[in-house]
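Coordinates in review
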Amino acid sequence: MDKPAICGGIPVRDTKIYYGHQYIDEDDIRAVAEVLRSNEITCGPKIKELEDKLCRITGAKYAVACSNGTAALHMAAMAAGVQEGDEVITTPITFAASANCALYCGARPVFADINEETYNIDPAQVEALTTPKTKAVVAVDFTGQSVELDRLLSHCRANHMVLIEDGAHVIGTRYKGRCNGSIADMTTFSFHPVKTVTSGEGGAVLTDNEEYYRKLLLYRAHGITRDPGQMSHEPEGPWYYEQVALGMNYRMTDIQAALLISQLDKLPVFSQRRKEIVKAYDSAFAGLPQLVVQKEIPESDTTRHLYILRLNPHRLRIGRKEFFEALGAENICCNVHYIPTYYFPYYEKLGYQRGICPKAEKLYEEMISLPLYYAMTDQDVQDVARAVTRIAEFYGKGPDEA
Ligand SMILES: *Cc1c(COP(=O)(O)O)cnc(C)c1O
C-alpha cells in the first residue's frame, strides 16, 4: 500500500479524530455528584425518574432501565418467552448482542439478509425465513434509521411472533411521526458512551405491554418480588420476599441514571447536530461516483448514530482495507460496523456458513464508519470530507477501466 504522501503531501489534519465520542458537560457532572452525596447510589429514586423520562420522551407506556443494552436484549427475549427449540430472526449487520440474546435463551438465531440500499433487515427475507418455530424477530435500526416497523409488526402479529426492536442506535428517531421506542412490542436501548446519549454503561427496555413489563422487572432483579399478589405463600413478616422466576442482576445504578437524565436534556441538540453532520457528509459525497451514500426512507426522521461510507468497487482502484488505512494516514480514525455476526468463530462452530446473506456480506466488504458525534466541529467535519474526497479521487477509476 502506498503511503499518504502520494495522496496530497501532508495529512488533512495533524491531530487524530475518532469515529465516536461522548459529550459530558458540567450539568452531567453536577447530576452525578449530587447522587454520590446522597444516601442511595443504587435502587434509589433516580431509576424511576429516568424511566418516567424515557416514557415521556418516546411515548412508551413502560420503561425498565438496566445495566446495558445487551442485558436489555436478554430480558426482552426472556419476556417474549424465547426458549429452547425456538428460532429468532435477526440481521447479521449488527453488534453480536442482537443474536446472542437468542442463544442466551437456548434458541437458534436465524439471519435474514438486508436491504442493499438502507442496510436494514429486509422484511421480505424475514417473511421467507419464518417457520412454525419462529418466536421473535430482533430488528436493528441500523445507524439510527428505523426498520420498516409497519410491515414487520403486521407479519409478527399474523404469525404470533414478538417484535423486539434493537434500538441501540435509534433514540431520537421517529417512524411515521411516532418515536421509536413506542411502536414495537419491546424496544431496547443502549447507553454505551459511543451511542447518542450515555450513562457510562446502561440500557433500557420500553414496552406498552403490562405483562412484559412485570416480567422485565422480575428478570432485572433475580426474579424476586415483594408484591404479595405474585407470591405463592403468605408473607411471613415485613422482611419477606419470594424468588418466583430465575432472573439476573441487571440493575442500573442511580449514579448512571442521574447521568442519563441529564444527557437526555441534550437529546434535541445532539440529534440536531448529528443531522447537520450527516447532511454535510451526504452533500460532500453526492457527486463522487467512487462512493455510495446510505438511502434514507421517508418514513424515518432519523437521528443518525453512525455514518456509513460505502465504497463503489467498480470506480476505485483500492479496496476497503487500503481506503481505511489511507484515512488513518490522514489522521481520520474510522471503524467498521459490523463484521457479519455469523463470521465469528463461535457462530462458525454452531454450524453457520458464509454465503447465507450475500447482500450483507457484500456491504461488509465495502463499508467504513466515518466520525460522527455531537462534539465534532465544522472544521472536523470538513477535514473528514476533504480526506475522503482526496482519497476517492486519487484512487478513482473510470467505469470501463480494469
Ligand atoms: C451497542 C449495541 C448493543 C449492545 O449494547 P451494550 O450497551 O454495549 O450492551 C446491542 N445492539 C446494537 C445494535 C448495538 O449497537
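Here, every reference points to the structure presented above.
The structure reproduced in this document is the subject of the present report. (Residues numbered from 1 in each chain as written. Predicted model: local features only at pLDDT ≥ 70, side-chain atom pairs only at ≥ 80, totals over all residues. Heavy atoms only, no water.)

Remarks on the packing of aromatic side chains
Threshold: Aromatic contacts are taken between Phe, Tyr and Trp rings whose centres are within 6.5 Å, Trp giving its six-membered ring; a plane angle under 30 degrees counts as stacked, one over 60 as edge-to-face, and the others as tilted. Each residue is placed in one exposure class: buried if its accessible area under a 1.4 Å probe, protein chains only, is under 20% of its type's maximum, exposed if it is over 50%, and partly exposed if it falls in between.
Scanning the model with the defined rule gives 17 aromatic pairs in all. An angle of 55° between the planes, with centres 5.6 Å apart, marks the rings of Tyr347 and Tyr352 as tilted. When its relative accessible area of 2% is taken as the criterion, Tyr347 is described as buried. A ring pair is formed by Phe394 and Tyr395, whose centres lie 5.0 Å apart and whose planes are at 75°; its orientation type is edge-to-face. A residue is classified by how much of its surface remains accessible, and Tyr395, at 4% relative accessible area, is buried.

Observations regarding helix α11 (residues 320-329)
Convention followed: Strands here mean DSSP runs of E at least two residues long; helices mean DSSP runs of H or I at least four residues long; both are numbered from the N terminus. Working note: the arc is built from the helix axis to C-beta atom directions. Note on definitions: a residue-residue contact is assigned when non-hydrogen atoms from the two residues lie within 4.5 Å.
All of the buried residues in α11 are Arg320, Phe323, Ala326 and Leu327. The buried side chains of α11 occupy one side of the element, clustering within an arc of 125° when seen end-on. On its buried face, α11 is in contact with β13 (291-293), β15 (307-311), β16 (332-333), α13 (358-366), β17 (367-370) and α14 (378-394). Asn331, located one to two residues past α11, shows a positive phi value of around 70°.

Some words on the sheet that holds strand β5 (residues 134-140)
How we decide: At least two DSSP bridges between two strands are required for those strands to pair. Fitted lines through C-alpha atoms serve as axes, helices being fitted only where they are in contact, and the angles separating the N-to-C directions of these axes extend from 0 to 180 degrees.
Strand order in the open sheet made by the 7 strands is β2-β10-β9-β6-β5-β3-β4, with mixed pairing throughout. Among the strands making up the open sheet, the edge pair consists of β2 (62-66) and β4 (108-111). Between one strand axis and the next, the sheet turns through 20° on average, direction left out of account. For strand β6 (residues 162-166) and strand β9 (residues 186-190), the ladder comprises 3 bridges, and the chain directions are parallel. Along β9, the bridge assignment pairs Asp166 with Thr188.

Description of the pattern of salt bridges
Here is the rule: Think of a salt bridge as a Lys or Arg side-chain nitrogen and an Asp or Glu carboxyl oxygen that are within 4 Å of each other.
Per the counting criterion, the structure on display carries 24 salt bridges. Residues Lys46 and Glu49 are paired through a salt bridge, measuring 3.1 Å at the closest nitrogen-oxygen approach. Taken together, the residues span about one helical turn, with Lys46 and Glu49 both in helix α3 (residues 45-58) at a distance of 3 residues. The class for Glu49 is partly exposed, based on a relative accessible area of 36%. Between Arg273 and Asp378 there is a salt bridge; the shortest N-O distance is 2.9 Å. Of this pair, Arg273 sits in helix α10 (residues 267-285) while Asp378 is found in helix α14, placing the two residues 105 residues apart along the sequence. Judged by its relative accessible area of 13%, Arg273 falls in the buried class. Take Asp378: its relative accessible area is 52%, and that puts it in the exposed class. What emerges from the salt-bridge pattern is a single network uniting Arg13, Asp380, Asp383 and Arg386.

Regarding the environment of Pro123
Mapped onto the elements of the fold, Pro123 is located in helix α6 (residues 123-129). Here the alpha-carbon distance between Pro123 and Leu152, two residues 29 residues apart in the chain, equals 6.1 Å. Sequence-distant contacts of Pro123, that is, excluding residues within four places in its chain, are made with Glu148, Arg151 and Leu152.

Considerations on the site of the ligand
Applied cut-off: To be near a molecule or strand, a residue needs just one of its heavy atoms within 4 Å of it. Counted as a polar contact is a pair of N or O atoms within 3.5 Å, where, for protein atoms, one must be capable of donating a hydrogen and the other of accepting one, and residues adjacent in sequence contribute only when both atoms are in side chains. Accessible surface area values rest on a Shrake-Rupley calculation with a 1.4 Å probe, where residue burial reflects the displayed protein chains alone. Note that Gly is not counted as nonpolar here; it falls among the polar residues with everything else outside the nonpolar set of Ala, Val, Leu, Ile, Met, Phe, Trp, Tyr, Cys and Pro and the charged set of Asp, Glu, Lys and Arg.
The ligand sits among 16 residues. The nearest are Gly69, Thr70, Asp166, Ser190 and Lys195. Here a nitrogen atom of the ligand sits 2.8 Å away from a polar atom, N or O, in the side chain of Asp166. When isolated, the ligand has an accessible area of 380 Å², and the protein chains bury 93% of it. Among the secondary structure elements, those contributing two or more residues to the shell around the ligand are α4 (69-79) and α5 (97-104). Within the shell around the ligand, the residues separate by chemical class into 6 nonpolar, 8 polar and 2 charged.

Topic: the environment of Glu84
Inspection of the secondary structure puts Glu84 in the loop between α4 and β3 (87-90). Take Glu84: its relative accessible area is 71%, and that puts it in the exposed class. The spacing of Glu84 and Glu211 is 127 residues in sequence and 21 Å in space, taken between C-alpha atoms.

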